Amino acid sequence: MAEPHILILGAGFSGFTLARELRRDAAAHRLRLTVVEPEPYLTYKPLLPEVAGGETQARDTAVPLRRLLKHADLVAGSLETVDTAAKTAVVRTVDGTERALHYDHVVFALGAVTKVLPIPGLAENAIGFSSIEEAAALRDHVLERIRFASSTTDAAERRRALTFVFVGGGYTGVEAIAELQRLAARELDRYRELDGERMTWLLVEVAGRIAAELPEQLSGWTLRLLRRRGIQVLLHTEVTSCEQGQVSLSTGDTYPADTIVWVAGVTPNPVLDRADVPRGPKGHVQCDATLRAVHDDGRPVDGAWALGDDAQVPDLTAEKQPAYYPPNAQNAIREGRVLAENLRRALEAREPVEYRHRTLGTLASYGGMQGAAVVKGVPLRGVAAWAVDKVYHAIALPSAARRFRLLLGWVGNGLTPRDAVPVTSVGDARQRFRDAAAAQGAKGEEGA
């Protein structure tokens, strides 16, 4: 008898955790496991602000999938379609080939993407903040803009180069601007040509407070901390245009800026549009409390499950109903563990269990040994919150090798100056070779 086939679409926090939880079942041949993921690694997203700030090396936040998912068949590709009635998914592998995968159970763990609003010039001039590549590129870009400012004699160009606009005041946006502003401030001091020059760091938030995931008292403390560092925080403010790098605000003000960072939320992966699975009002896969995909009338879709940022999972522990779990790593990891148990139960024709989880808290690190946190209802700020954040991520990073490298990096930061060298050629690593070839070709023509 063939082993039941479990197909996991995506290897972010939720899909990776689920695959790891099922590794003993796969090793015992109780099931066959396939994971479809276009990237060769899991991104540990909570540390992206530290990558941007130069406190953590980019590679130390990338967890290699093949090393830790040896028990699964890894398909390097992306989802094309899913036919839940036929229990067939079509994926496109990295070489462009389409491949049909038949399954007994499919798990949607496709995560979320940056939510981009139709603001003129935004897509052309801004950068997101949801990947290692974006965080590392943003770090290099900020450092390069300071270097450019030191070399130009055009005052307007210098002002534009030293203006950095972040849109979105959730804790990710706050952490990112806090880390990068500290890095840039130290770098600016190294340029004698920029003595007396001031940078403009601007955080734009449409709501009435920043870091709204934290209690109001800690949110207010965070606001004061940013302003003490020289970051302008504009509340109740929207961006209306970014055309030609001119950031126009609903207040009527305009800021010419070479750096526009969009951290204003996420939306379920749009690839779900190509899957015939029930969706909630915001585009998530509609689930019941057992993580089964369900129709509007509550009927489960046979063999279909979802978890993580692309799933609308009811929170039965909330006082006010209906309520749904927020899309964060804490829920994604715990949902993965519950779904592993429910898949075992489904294969044994037993009833699934419900996902119920009360949040352990919220962590935010702002660099400079400062942070804000709520741990099991206890509010923390300053050094205490920063230390708790460090300890948590040192434990939670899902790779012993990466944890060791992460800790060594933090120790190194305490003993040596932080690395602030931009590697701008990474964006087009072949350009120098092309330039050399062109120059030598021209020289050859002259000799002829």
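Residues numbered from 1 in each chain as written. Predicted model: local features only at pLDDT ≥ 70, side-chain atom pairs only at ≥ 80, totals over all residues. Heavy atoms only, no water.

**Student:** A description of the overall build of the protein chain should follow, citing residues and the corresponding values.
**Tutor:** Per the secondary structure count, the protein chain includes 13 helices and 25 strands. Its C-alpha atoms give the protein chain a radius of gyration of 24 Å, within 12% of the compact-globule value 22 Å for 448 residues. Overall, the C-alpha framework of the protein chain stretches about 75 × 70 × 45 Å when taken along its three principal axes. Taking all 448 residues of the protein chain together, the buried fraction comes to 50%. Here the contacts in the protein chain between residues at least 6 apart in sequence split such that 68% fall between residues at least 24 apart. Carbon together with sulfur atoms contributes 52% to the accessible area of the protein chain, which is approximately 21,700 Å² in total. Treating the 54 positive side-chain charges of the protein chain as one cloud and the 56 negative ones as another, the clouds have centres 6 Å apart. (Helix = DSSP H or I, 4+ residues; strand = E, 2+ residues; numbered from the N terminus. Rg over C-alpha atoms; globule rule 2.2 N^0.38 Å. Buried < 20%, exposed > 50% of the residue type's maximum accessible area, 1.4 Å probe, protein only. Contact = heavy atoms within 4.5 Å. Areas by Shrake-Rupley, 256 points an atom, 1.4 Å probe, with all protein chains shown as cover. Lys, Arg positive; Asp, Glu negative; His and termini not counted. Charge placed at Lys NZ, Arg CZ, Asp CG, Glu CD.)

**Student:** A description of the packing of aromatic side chains should follow, citing residues and the corresponding values.
**Tutor:** On inspection of all chains with the given rule, the structure shows 5 aromatic pairs. Between Tyr325 and Tyr355, the ring centres sit 4.8 Å apart and the planes meet at 65 degrees, which makes this aromatic pair edge-to-face. Of this pair, Tyr325 sits in the loop between β22 (311–312) and α10 (329–347) while Tyr355 sits in the loop between α10 and β23 (361–365), and the two are 30 residues apart along the sequence. Members of the aromatic cluster, each reached through a chain of ring pairs, are Phe164, Phe166 and Trp201. For the cation-ring pair, Arg145 lies above Phe148, with the distance from its terminal atom to the ring centre recorded as 4.4 Å. (Phe/Tyr/Trp six-rings, centres within 6.5 Å; stacked < 30°, edge-to-face > 60°. Lys NZ or Arg CZ within 6 Å of the ring centre and 35° of its normal.)

**Student:** Before we move on, can you summarise the pattern of salt bridges with the specific residues and values?
**Tutor:** The tally for this structure, following the rule as stated, stands at 23 salt bridges. Asp25 is the partner of Arg344 in a salt bridge, and the nearest nitrogen-oxygen pair spans 3.0 Å. Of this pair, Arg344 sits in helix α10 while Asp25 sits in helix α2 (residues 23–27); the two residues are 319 residues apart in sequence, bridging distant segments of the chain. Judged by its relative accessible area of 22%, Arg344 falls in the partly exposed class. Glu341 is the salt-bridge partner of Arg344, the closest N and O atoms lying 3.4 Å from each other. (Salt bridge = Lys/Arg side-chain N within 4 Å of Asp/Glu carboxyl O.)

**Student:** Would you mind going over the packing of helix α1 (residues 13–21) against α10 in detail, with residue names and values included?
**Tutor:** At their nearest, the axes of α1 and α10 sit 8 Å apart, and the two run at 40 degrees to each other. Relative to α10, the crossing made by α1 is right-handed. In contact with Phe13, Ser14, Thr17, Leu18 and Glu21 of α1, α10 contributes Ala329, Ala332, Ile333, Gly336, Arg337, Leu339, Ala340, Leu343 and Arg344. Looking at the contact of α1 with α10, its residues break down into 8 nonpolar, 3 polar and 3 charged. (Axes fitted to C-alpha atoms, helices over the stretch in contact; angles between N-to-C directions. Left-handed = near helix turned anticlockwise from the far one by under 90°. Nonpolar A, V, L, I, M, F, W, Y, C, P; charged D, E, K, R; others polar.)

**Student:** Describe α10, and please don't skip the residues or the numbers.
**Tutor:** Between the first and last C-alpha of α10 there are 27 Å, a value that for 19 residues agrees with the 27 Å anticipated at 1.5 Å per step. Where α10 ends, the next residue or the one after it, Ala349, has phi of about 60 degrees, a positive value. (Expected span 1.5 Å × (residues − 1).)

**Student:** Please set out the nonpolar core residue by residue, giving values where relevant.
**Tutor:** In this structure, Ile8, Leu9 and Phe108 are the most contacted members of the largest nonpolar core, which totals 63 residues. Sorting elements by how many residues they give to this core places α10 first, with 6 residues. Aside from chain neighbours lying at most four places away, what touches Ile8 is Gly15, Leu18, Ala19, Leu33, Thr34, Val35, Val36, Val107 and Ala109. With 47 residues, the next largest nonpolar core counts Ile177, Leu214, Ile231 and Val261 among its residues. (Core = buried A, V, L, I, M, F, W, Y, C linked by side-chain atoms within 4.5 Å.)

**Student:** Tell me about unusual backbone geometry, residues and numbers included.
**Tutor:** Leaving glycine out, the prevailing phi sign among residues is negative, and the prevailing peptide bond configuration is trans. Of the consecutive residues Gln321 and Pro322, the connecting peptide bond is found in the cis state with omega at 0 degrees. Secondary-structure assignment places Pro322 in the loop between β22 and α10. A positive phi is found at Gln244, a non-glycine position, where the angle reads about 55 degrees. Mapping Gln244 onto the fold places it in the loop between β14 (239–241) and β15 (246–249). On the basis of relative accessibility, which here comes to 70%, the residue Gln244 falls in the exposed class. Of note in the backbone geometry, Ala349 takes a positive phi value of approximately 60 degrees without being a glycine. Its relative accessible area of 73% is what places Ala349 among the exposed residues.

**Student:** Any chance you could break down the side chain of Ser150 for me, citing the residues and the numbers?
**Tutor:** Relative to the elements of secondary structure, Ser150 occurs in helix α6 (residues 132–151). Assessed through its relative accessible area of 14%, Ser150 is described here as buried. Filtering out sequence-adjacent residues up to four positions away, Ser150 remains in contact with Tyr191, Glu193 and Leu194.

**Student:** Explain the side chain of His357 to me, and be specific about the residues and the numbers.
**Tutor:** Mapped onto the fold, His357 is located in the loop between α10 and β23. Looking at His357, its side chain comes within polar contact range of the side chain of Gln330, at 2.9 Å. (Polar contact = N/O pair within 3.5 Å; in protein donor to acceptor, adjacent residues only side chain to side chain.)

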